[in-house]
Amino acid sequence: PFVRSLVQKDRMAILSYLAEKGYIYAKVEAHVIPGKDKENCSIEFRIDKKTGVSVGGVWTFGNFRTKDLVLLRHNTIKDNEPVSLNRFVELQKSIRNINSIERTDFKALGIKENYDQIFFLVDVEEKKPYFFEASLGYDTARDAYLAVSIGDKNFFGMNRELYLNAQISGTGFQTEMGIKDFDFMSQYILTQFSVYASKEELKNQSFGSRKYGSELSFEKDFFTNLKLGTSFNLESREQYLVDTTKGVDPELYDIRGIASVTPFLTWSSVNSFVKPTKGVYFNASAEYNKDVLENLDNFIKYRVKTKYYFQAGPRLVMAFQGMVGFIQNLGKDSQLPDDQLFFLGGISDIRGFGENEFIIDSFGDPAGGKTQIAGSMEARIDLGKNFELPIFLDAGSLKDTVLGGGGINEKFKFTMGTGIRYITPLGPVGILYGYKLNPEDNEDPGRFHFSIGYTF
């Protein structure tokens with residue numbers, strides 16, 4: 001059947017083909033010629049290619065540090081070759097994707113004048129390269145905390161970010177210095193190398209950890225929401241006692257040298273991380289660890305975390321979270337240092353329990369496990385005036401937690417609760433109370449929690 005709109009579509013396809021061959025001034029006329037029987041027709045395209053147009057050059061302008069080899073790294077427009085407007089569009093996309101660029105303006109000189117040679121101009125405005133950021137806050141997991149970050153977003157004009165981060169809180173400190181390359185090997189691979197040092201004494205735990213190490217990671221986006229990556233880590237770690245009365249294995253408190261490789265996958269379609277209302281988040285990783293000094297940290301740690309949000313009504317958002325973790329021991333000794341185990345309890349997973357106090361051993365210390373399962377669902381009701389009422393149900397279980405003090409109950413535990421949040425431009429500030437539905441003997445009925453930002 002004859003469809004007139006398809007004639008125009010074919011005409012544009014011919015023009016596009018000619019433009020990619022350098023004939024950007026070409027003219028194409030479409031003529032529909034009726035048949036003698038008036039029931040059929042023929043279609044004739046009359047083409048005038050005009051003059052072929054070549055590239056005179058690609059020039060960059062602006063008061064910037066970024067080197068031309070970075071700006072034009074993905075440029076496929078070559079001097080004296082036929083002009084390709086599609087390649088010019090691809091050049092615009094690649095420059096706008098450069099992390100250090102704030103604004104760009106593109107022009108093609110000579111088209112209006114019908115010149116047989118075209119010059120492409122790129123006017124660039126950069127982001128301010130140096131940055132200083134600081135945050136101050138409080139939550140029930142860390143107490144008061146202060147974080148500071150300084151750096152250069154365009155180190156040596158190579159679109160690489162040099163940074164120094166430091167954080168101190170009621171549970172310890174961490175410092176990190178590193179560099180990011182946003183287009184490693186011209187493959188749009190985010191590469192990051194860092195060295196770090198930290199000391200951490202998590203709440204209610206009888207041990208702390210000192211860590212010194214370096215990390216190299218590679219990360220690349222695929223499609224719209226998928227991200228794949230791998231990190232490599234070398235670390236010196238020492239676990240030390242804080243306050244405990246139980247006997248310990250001295251080997252667990254020797255300095256360990258750990259080499260690890262962690263491939264990971266992330267899928268995210270969440271519309272906002274400040275106040276999410278719809279979308280799915282999924283992350284999975286498998287961390288292979290090898291202890292090069294002792295025979296302790298030889299295991300594979302599998303972790304999966306997922307979140308789901310949907311708008312159930314004009315003033316109601318439903319939020320769900322699930323976490324699964326499993327440690328497969330590769331060494332002869334099935335016991336692992338405590339700082340490698342999973343712990344539950346607190347503002348980020350099972351509310352109603354103290355931080356890391358989901359299971360308490362016979363000595364009164366939090367117990368960690370090799371298998372972790374936890375989940376939460378929460379109704380977030382908009383009360384108006386920037387106030388929000390959360391109603392939640394949390395559940396979790398830790399397994400393989402039998403320590404020297406005797407058996408531990410590894411059944412699922414459930415909590416539910418509510419509270420109030422005030423929504424600020426930077427995220428919610430809230431206080432919650434979690435009530436234990438099946439508490440152990442002599443266990444508190446629940447716990448208050450305070451947080452800035454959503455717990456998930």
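See above for the structure.
About the cut-offs
- Residues numbered from 1 in each chain as written.
- Predicted model: local features only at pLDDT ≥ 70, side-chain atom pairs only at ≥ 80, totals over all residues.
- Heavy atoms only, no water.
- Helix = DSSP H or I, 4+ residues; strand = E, 2+ residues; numbered from the N terminus.
- Contact = heavy atoms within 4.5 Å.
- Salt bridge = Lys/Arg side-chain N within 4 Å of Asp/Glu carboxyl O.
- Buried < 20%, exposed > 50% of the residue type's maximum accessible area, 1.4 Å probe, protein only.
- Polar contact = N/O pair within 3.5 Å; in protein donor to acceptor, adjacent residues only side chain to side chain.
- Pairing = 2+ DSSP bridges.
- 1 Å grid on protein atoms, 1.4 Å probe; cavity = no way out; pocket = protein on both sides within 12 Å on 5 of 7 lines; lining within 4 Å.
- Points joined across faces, edges and corners; volume = space filled by probe spheres on them.
- Nonpolar A, V, L, I, M, F, W, Y, C, P; charged D, E, K, R; others polar.

Colleague: How would you summarise the environment of lysine 399 if you had to cite specific residues and measurements?
Modeller: Within the element layout of this structure, lysine 399 appears in strand S18 (residues 387–399). Taking the C-alpha atoms as reference points, lysine 399 and phenylalanine 342, separated by 57 residues in sequence, lie 9.4 Å from one another. Look past the residues within four positions of lysine 399 in its chain and what remains in contact with it is Gly369, Lys370, Thr371 and Glu410.

Colleague: With reference to specific residues and values, describe the pattern of salt bridges.
Modeller: Two side chains that carry opposite charge are able to pair once their charged atoms sit near each other. The tally for this structure, following the rule as stated, stands at 28 salt bridges. Arginine 303 is the partner of glutamate 287 in a salt bridge, and the nearest nitrogen-oxygen pair spans 2.8 Å. Taken together, the residues glutamate 287 in strand S14 (residues 279–291) and arginine 303 in strand S15 (residues 299–313) connect sequence positions 16 residues apart. In the salt-bridge network here, residues are joined through shared partners; they are Arg351, Glu378, Arg380, Glu388, Asp394 and Arg421.

Colleague: Residues and numbers for the environment of proline 390, please.
Modeller: The topology assignment puts proline 390 in strand S18. You can call proline 390 buried: its relative accessible area is 0%. Excluding its chain neighbours within four sequence positions, the residues that come into contact with proline 390 are Glu378, Ala379, Gly417, Thr418, Gly419, Ile420, Arg421 and Leu432.

Colleague: Before we move on, can you summarise unusual backbone geometry with the specific residues and values?
Modeller: For aspartate 143, which is not a glycine, the phi torsion comes out positive at approximately 65 degrees. Relative to the assigned elements, aspartate 143 resides in strand S7 (residues 143–152). In this structure, lysine 385 is a non-glycine residue whose phi angle is positive, near 55 degrees. Among the structural elements, lysine 385 can be located in the loop between strand S17 (371–384) and S18. Judged by its relative accessible area of 74%, lysine 385 falls in the exposed class.

Colleague: Go over the side chain of arginine 237, please, and point to the residues and values.
Modeller: Here arginine 237 shows up in strand S12 (residues 226–241). With relative accessibility at 8%, the residue arginine 237 sits in the buried group. Of note is the side chain of arginine 237, whose polar atom sits 3.4 Å from the backbone oxygen of aspartate 339. Excluding anything up to four places from it in sequence, arginine 237 contacts Arg210, Lys211, Asp254, Ile255, Arg256, Ile258, Asp339 and Gln340.

Colleague: Hey, could you go over the side chain of threonine 60 for me, with residue numbers and the actual values?
Modeller: Checked against the element boundaries, threonine 60 lands in strand S3 (residues 54–61). Accessibility expressed as a relative area gives 17% for threonine 60, which makes it buried. In terms of polar contacts, threonine 60 uses its side chain to reach the side chain of aspartate 68, at 2.8 Å. Once you skip the residues sitting within four places of it in the chain, threonine 60 turns out to touch Asp68, Leu71, Leu72 and Val122.

Colleague: Go over the pairing of S7, please, and point to the residues and values.
Modeller: Examined bridge by bridge, strand S6 (residues 130–139) and S7 share 10 bridges and lie antiparallel to one another. Bridge pairing links phenylalanine 131 to glycine 151 in S7. What sits between the antiparallel neighbours S6 and S7 is a turn of three residues.

Colleague: Report on the environment of serine 198, specifying residues and quantitative values.
Modeller: As for its position among the elements, serine 198 is in strand S10 (residues 189–200). The sequence separation of serine 198 and isoleucine 168 amounts to 30 residues, and the corresponding C-alpha distance is 9.7 Å. Serine 198 has contacts with Phe173, Gln174, Ser209, Arg210 and Lys211, leaving out every residue within four places of it along the chain.

Colleague: If you had to explain empty space enclosed by the protein to someone new, which residues and values would you point to?
Modeller: Over the atoms, a rolled probe matching the size of one water molecule traces out where space is still vacant. One pass over the structure, following the stated rule, counts two cavities of 30 Å³ or more. Of the pockets and cavities examined, the second largest cavity occupies roughly 40 Å³. Lining the second largest cavity, in full, are Val55, Thr76, Ile77, Lys78, Glu81, Pro82, Val83, Ser84 and Arg87. Among the residues forming the lining of the second largest cavity, the class breakdown is four nonpolar, two polar and three charged.

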